[in-house]
Amino acid sequence: MHVRRLPLILSGLFVAGLAVSGCVAPAAPGAIQTADAESFNDPYEDTNRSIFGFNQAVDANVLVPVAKTYRTVVPGPVRQTLHDFLQNLNGPVIFANDVLQGEAGLAAATLGRLALNTTVGFGGIFDVATKLGIPYHTNDLGITLAHWGFVAGPYIIVPVLGPSNPRDLVGQVGDGFADPGNYVAGQYRLMAAVVARTATSGIDQRSRNIETLAEIEKTALDYYATIRSLSRQRREAQIRHEQSNLPNPGFGGDASPADSMSYTISK
């Protein structure tokens, strides 16, 4: 019964999310929608700032202490192994979105990474593909929708999770349903495994950006505005499939760390 209802549920979420973002009518085919193309907006800034303040309190009192404990207790090589394993689990969803975007080169690279890391890399605990010259790249349904011409909609701060927009929220729901790991966990009523995977990925990502985000907060005149700009620039780079050294300012999403501290955030 649940399986039969899934297409209806997905269709409803898709239409509702895009309607809220004001983007039911997509742009011209082939027009990739970025913030620059749609005049980035924050109409709910007062509410967003309130949620942002709540998220900062959760981050300072829960997430950062947990992330620091994780870094202290778990040896570096083990953390890297877990990081590689989590990235490998994302492979099927990344591959699906590579295909949906018509990115044959990226799709081939993702498939090659999956094959190598799942076999030679013992289920993904070792990133053999990167050592062989096939680097990891992120992709998701939010990026696919951008490539299909759907605009992002208003800037939103999601409790705990951080910066987002209606298009990306719809994408996250769609990716969640499409993820083979989530499907298997659902079939065997192992939803705790889904929660554990999400939490572990978030802690791993946060542990890699502690100093970077702390430095940004220390030097920012308006931390909220700085994070808003950072998240926009980072997302635009992902949509264009460009490498970026900007850290993930939210909890969750891809676990790729900032490449270095040499970043530039334009206002």
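Remember, it's a predicted structure, so these values are computed and weren't measured experimentally.

Colleague: I'd love a proper account of a nonpolar patch on the surface, names of residues and values included.
Modeller: A cluster of nonpolar side chains, namely Y183, V184, Y188 and L190, defines an oily patch on the protein surface of about 460 Å² accessible area. Tracing the backbone through its elements, the reader meets Y183 in helix α10 (residues 180-187). With relative accessibility at 48%, the residue Y183 sits in the partly exposed group.

Colleague: Give a detailed account of the packing of helix α12 (residues 210-219) against helix α13 (residues 223-239), specifying residues and quantitative values.
Modeller: Contact geometry for α12 and α13: axes closest at 9 Å, N-to-C directions at 130°. The angle between α12 and α13 places the two elements in the oblique class. Between α12 and α13 lies a crossing of right-handed hand. Taking contact as the criterion, the partners of L213, I216 and E217 in α12 are, on α13, Y223, T226, I227 and L230.

Colleague: So what about helix α6 (residues 104-119)? Which residues, and what values?
Modeller: An ideal rise of 1.5 Å per residue puts 22 Å on 16 residues; α6 measures up with 22 Å between its terminal C-alpha atoms. Regarding α6, the residues found buried are A107, T110, R113, L114 and N117. Each buried residue of α6 lies within a common arc of 125° when the element is viewed along its axis, so the set occupies one face. Exposed positions of α6 whose direction lies more than 90 degrees from the buried face are A104, G105 and T119. Against the buried residues of α6 lie α4 (76-89), α5 (91-100) and α7 (128-131).

Definitions and limits used
Residues numbered from 1 in each chain as written. Predicted model: local features only at pLDDT ≥ 70, side-chain atom pairs only at ≥ 80, totals over all residues. Heavy atoms only, no water. Patch = residues over 30% accessible without salt bridge, like charges linked within 9 Å, V, L, I, M, F, W, Y side chains within 5 Å. Areas by Shrake-Rupley, 256 points an atom, 1.4 Å probe, with all protein chains shown as cover. Salt bridge = Lys/Arg side-chain N within 4 Å of Asp/Glu carboxyl O. Helix = DSSP H or I, 4+ residues; strand = E, 2+ residues; numbered from the N terminus. Buried < 20%, exposed > 50% of the residue type's maximum accessible area, 1.4 Å probe, protein only. Axes fitted to C-alpha atoms, helices over the stretch in contact; angles between N-to-C directions. Parallel < 35°, antiparallel > 145°, perpendicular 65-115°, else oblique. Left-handed = near helix turned anticlockwise from the far one by under 90°. Contact = heavy atoms within 4.5 Å. Expected span 1.5 Å × (residues − 1). Arc of directions from axis to C-beta.

That is the geometry; function is a separate question.
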